[in-house]
Amino acid sequence: MGDALRDSWVIAMKDLAIEFRTRSAFLSAVVFALLGVVIFFFAWDPTAVTAADLAPGVLWVVFTFSGLLGLHRSFGAEQADRAIDGLLASPVARESIYLGKAMANLIFVIGVQAASIPAIALFYGLPIGSVLAPLCAITLLAAIGLVAVGTLFSAMAVNTRLAELLLPMLSLPFFVPIVIPAAQATAKLLSGRPVGETLPWLKLLLAFDIVFTVGCMLAYPFTLEE
Amino acid sequence: MKATPLSVAAVAAIAITYIRAFFFTPLEAIQGPAQKILYLHAPSAWVAFLAFGLVGLASVLYLWLKDERLDRIAESSAEVGVMFTTIVLVTGPLWGKPIWGTWWTWDARLTLTLFLWFIYLGYIVLRGAVDDRAMRARYSAVLGILGTLLIPFIHLSVYLFRTLHPQPILMKPGAPSLPGEMLATLLLSFGSFTLLYVALLRGRYRYAVERDNAHPPETYDA
């Protein structure tokens, strides 16, 4: 188990090193998220809907779509020169490849979220300071779920003829049981409700994370050529 | 699709169901003729769930046994299931508008049906986007299994969504307590639609076999 985790970490670091040197996907995802926040602002009627009511929706729409940008890159990078063959030929368990990719994607998504949450707080005048810890917990739990499913679908979508189109089409129905609890819990926090009220949602997110991380890890070897 | 004894029987059963529904089943006192949609809506929903259940089962068995026939069953069942889900999603609002006063409400059951439709449309698109036969079968099986795992989560999240935020909705979910005449017609419609499902599944399966025979895979591996 320790070896498998270390292998995953090496793969994750490889992906992050590529990302760190090019910075293309991360920057575009952050800019995309910020643009999303700005566009929602202009589509908003502040006299009809308060900022605290609008913000959870904006936050989770933006996270979902900017997350997809990073996920597509994940296995797309391995397509060039059939780099995936090198990974498969290495003495690393298939499950570790999936887990490594998922870890790198998780760090990517958390990075995008860390950049866009302050932007939303600033642009919409939200006092997030007092709810920062539970907000981070929700965001992290949701990010794990998004990444667990998205990484697997990214591995499948790159090998199909409709790659760019298929990833959102397959992923978004799976994101619904993540986005509903995450947005509801965020709304509770931003409207000043006690943290305890978000617990049913957090449990649902946690259950989703466990079921789909394990499920996708077991399913991943079947998406590889034999 | 060629007429087989099974498909003829299915069409005959459907005809008998509707003759009974329209001419021999009493009108519902409050809803009037609009209620007749029940005999199309409810059995379609039942068949859709049956069909997607079979996709999940065939997918698990495919990954285990690697038998192409199981993949064809999953493929055929998904397509028939999407067709019946479409009927449910079209007839539901048509019924909802006169009875509840709204075309659509985000009730747990409605939302689940909509997302089933999305998941299995994605499944069909995925199948169309992969050329390699073995790979297509494995990919679809993975999606078929994950889709089955997803269903309880969608249901639970939408259900919590509504109970935590009660809203005035006009509908009351739950099975209506039907008088005997209507119940008998409804049960008949369930039976005849199940027969239709099996007939369509067999027809679609045969098509898949003929298609695969016409385009054998280029390499045969052990």
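Trainee: Describe the overall build of chain A, listing the residues and the values that go with them.
Mentor: Secondary structure summary: chain A contains 8 helices and 0 strands in total. Across chain A, helices and strands are ordered from the amino to the carboxyl terminus as α-α-α-α-α-α-α-α. For 226 residues, the compact-globule estimate of 2.2 N^0.38 gives 17 Å, and the C-alpha radius of gyration of chain A, at 18 Å, lies within 12% of that figure. When the backbone C-alpha atoms are referred to their principal axes, chain A occupies close to 60 × 35 × 30 Å. Residue burial in chain A is summarised as follows: out of 226 residues, 50% are buried.

Trainee: Explain the overall build of chain B residue by residue, including any values.
Mentor: Looking only at helices and strands, chain B features 6 helices and 0 strands. Tracing chain B from N to C terminus, the helices and strands come up as α-α-α-α-α-α. The long-range share in chain B, meaning contacts at least 24 apart out of those at least 6 apart in sequence, stands at 80%. In the form shown here, chain B has an accessible surface area of approximately 11,300 Å², with 71% of it arising from carbon and sulfur atoms.

Trainee: Give me the pattern of salt bridges: which residues, what numbers.
Mentor: For side chains of opposite charge, pairing can occur when their charged atoms come near one another. Across all of its chains, the model carries 17 salt bridges over all chains by this definition. One salt bridge in this structure joins A:E197 and A:R193, with 2.8 Å as the shortest N-O distance. Overall, A:E197 belongs to the partly exposed group, its relative accessible area being 26%. According to the relative accessible area criterion, A:R193 is partly exposed, its value standing at 44%. Among the ionic pairs, B:D212 bridges to B:R211, the shortest N-O distance being 3.2 Å. When salt bridges with common partners are traced through the structure, they connect B:E68, B:D71, B:R72, B:E75, B:E79, B:R127, B:R133, B:R204, B:R211 and B:D212 into a single cluster.

Trainee: Quick one: what's the story with the nonpolar core, residue by residue and with numbers?
Mentor: In this structure, A:Y124, A:F153, A:F212, A:Y220 and B:Y120 are the most contacted members of the largest nonpolar core, which totals 127 residues. Apart from residues lying up to four places away in sequence, A:F153 is in contact with A:L167, A:L170, A:S171, A:F174, B:L143 and B:L146.

Trainee: Could you give an account of helix 8 (residues 199–219) of chain A, naming the residues involved and the relevant values?
Mentor: End to end, helix 8 of chain A covers 30 Å across 21 residues, agreeing with the expected 30 Å (1.5 Å per residue, within 8%). Restricting attention to buried positions, one finds in helix 8 of chain A the residues A:W201, A:L202, A:L204, A:L205, A:F208, A:D209, A:F212, A:G215, A:C216 and A:A219.

Trainee: So what about helix 2 (residues 38–65) of chain B? Which residues, and what values?
Mentor: For helix 2 of chain B, built from 28 residues, the straight-helix expectation of 40 Å at 1.5 Å per residue is met to within 8% by its first-to-last C-alpha distance of 40 Å. Downstream of helix 2 of chain B by a residue or two, B:K66 has a phi angle that is positive, lying close to 55°.

Trainee: If you had to explain the interface of chain B and chain A to someone new, which residues and values would you point to?
Mentor: Contacts between the two partners involve 31 residues from chain B, matched on the other side by 33 residues from chain A. Area buried by chain B at its contact with chain A is led by B:Y139, B:L146 and B:F153, which between them contribute 21% of it. Where chain B packs against chain A, one counts 1 salt bridge. Ionic pairing is found between B:D131 and A:R161, a salt bridge with its closest N-O pair at 3.2 Å. Counting across the chain B and chain A interface gives 7 residue pairs in polar contact (both at pLDDT 80 or more). Looking at the side of chain B that touches chain A, the elements with two or more residues in it are helix 4 (108–128) and helix 5 (133–164) of chain B. Looking at which element gives the most residues to the side of chain B that touches chain A, the answer is helix 5 of chain B, with 17 residues. Of the residues assigned to the side of chain B that touches chain A, the class counts are 23 nonpolar, 5 polar and 3 charged.

Trainee: Describe in detail the packing of helix 2 (residues 24–42) of chain A against helix 5 (residues 94–124) of chain A, supporting the description with residues and values.
Mentor: All names here are of chain A. At their nearest, the axes of helix 2 and helix 5 sit 9 Å apart, and the two run at 30° to each other. Viewed along their axes, helix 2 and helix 5 adopt a mutual orientation that is roughly parallel. As for the relative orientation of helix 2 and helix 5, their crossing is right-handed in sense. Contact with helix 2, carried on its side by A25, F26, A29, V30, A33, L34, V37, V38, F40 and F41, involves F108, G111, V112, A115, S116, A119, I120, F123 and Y124 of helix 5 and no other residues of that element. Residues that form the contact of helix 2 with helix 5 fall into these classes: 17 nonpolar, 2 polar and no charged.

Trainee: Just give me the short version of the packing of helix 2 of chain B against helix 3 (residues 68–100) of chain B, but keep the residues and values in it.
Mentor: All names here are of chain B. For the pair helix 2 and helix 3, interaxial distance at closest approach is 7 Å and the crossing angle is 155°. Comparing the axis directions of helix 2 and helix 3 gives the class roughly antiparallel. Helix 3 is crossed by helix 2, and the crossing has left-handed handedness. In the contact of helix 2 with helix 3, the residues fall into 22 nonpolar, 8 polar and 2 charged.

Trainee: Account for a nonpolar patch on the surface, naming residues and giving values.
Mentor: All names here are of chain A. Together, F32, V61, F65 and L69 give the surface a local cluster of nonpolar side chains, amounting to about 320 Å² of exposed area. At 3 residues, helix 3 (residues 51–79) tops the list of elements feeding residues into the nonpolar patch. Mapped onto the elements of the fold, F65 is located in helix 3. You can call F65 partly exposed: its relative accessible area is 38%.

Reading guide: rules and limits
- Residues numbered from 1 in each chain as written.
- Chains lettered and ligands numbered in written order.
- Predicted model: local features only at pLDDT ≥ 70, side-chain atom pairs only at ≥ 80, totals over all residues.
- Heavy atoms only, no water.
- Helix = DSSP H or I, 4+ residues; strand = E, 2+ residues; numbered from the N terminus.
- Rg over C-alpha atoms; globule rule 2.2 N^0.38 Å.
- Buried < 20%, exposed > 50% of the residue type's maximum accessible area, 1.4 Å probe, protein only.
- Contact = heavy atoms within 4.5 Å.
- Areas by Shrake-Rupley, 256 points an atom, 1.4 Å probe, with all protein chains shown as cover.
- Salt bridge = Lys/Arg side-chain N within 4 Å of Asp/Glu carboxyl O.
- Core = buried A, V, L, I, M, F, W, Y, C linked by side-chain atoms within 4.5 Å.
- Expected span 1.5 Å × (residues − 1).
- Buried area = accessible area lost by both parts, 1.4 Å probe.
- Polar contact = N/O pair within 3.5 Å; in protein donor to acceptor, adjacent residues only side chain to side chain.
- Nonpolar A, V, L, I, M, F, W, Y, C, P; charged D, E, K, R; others polar.
- Axes fitted to C-alpha atoms, helices over the stretch in contact; angles between N-to-C directions.
- Parallel < 35°, antiparallel > 145°, perpendicular 65-115°, else oblique.
- Left-handed = near helix turned anticlockwise from the far one by under 90°.
- Patch = residues over 30% accessible without salt bridge, like charges linked within 9 Å, V, L, I, M, F, W, Y side chains within 5 Å.

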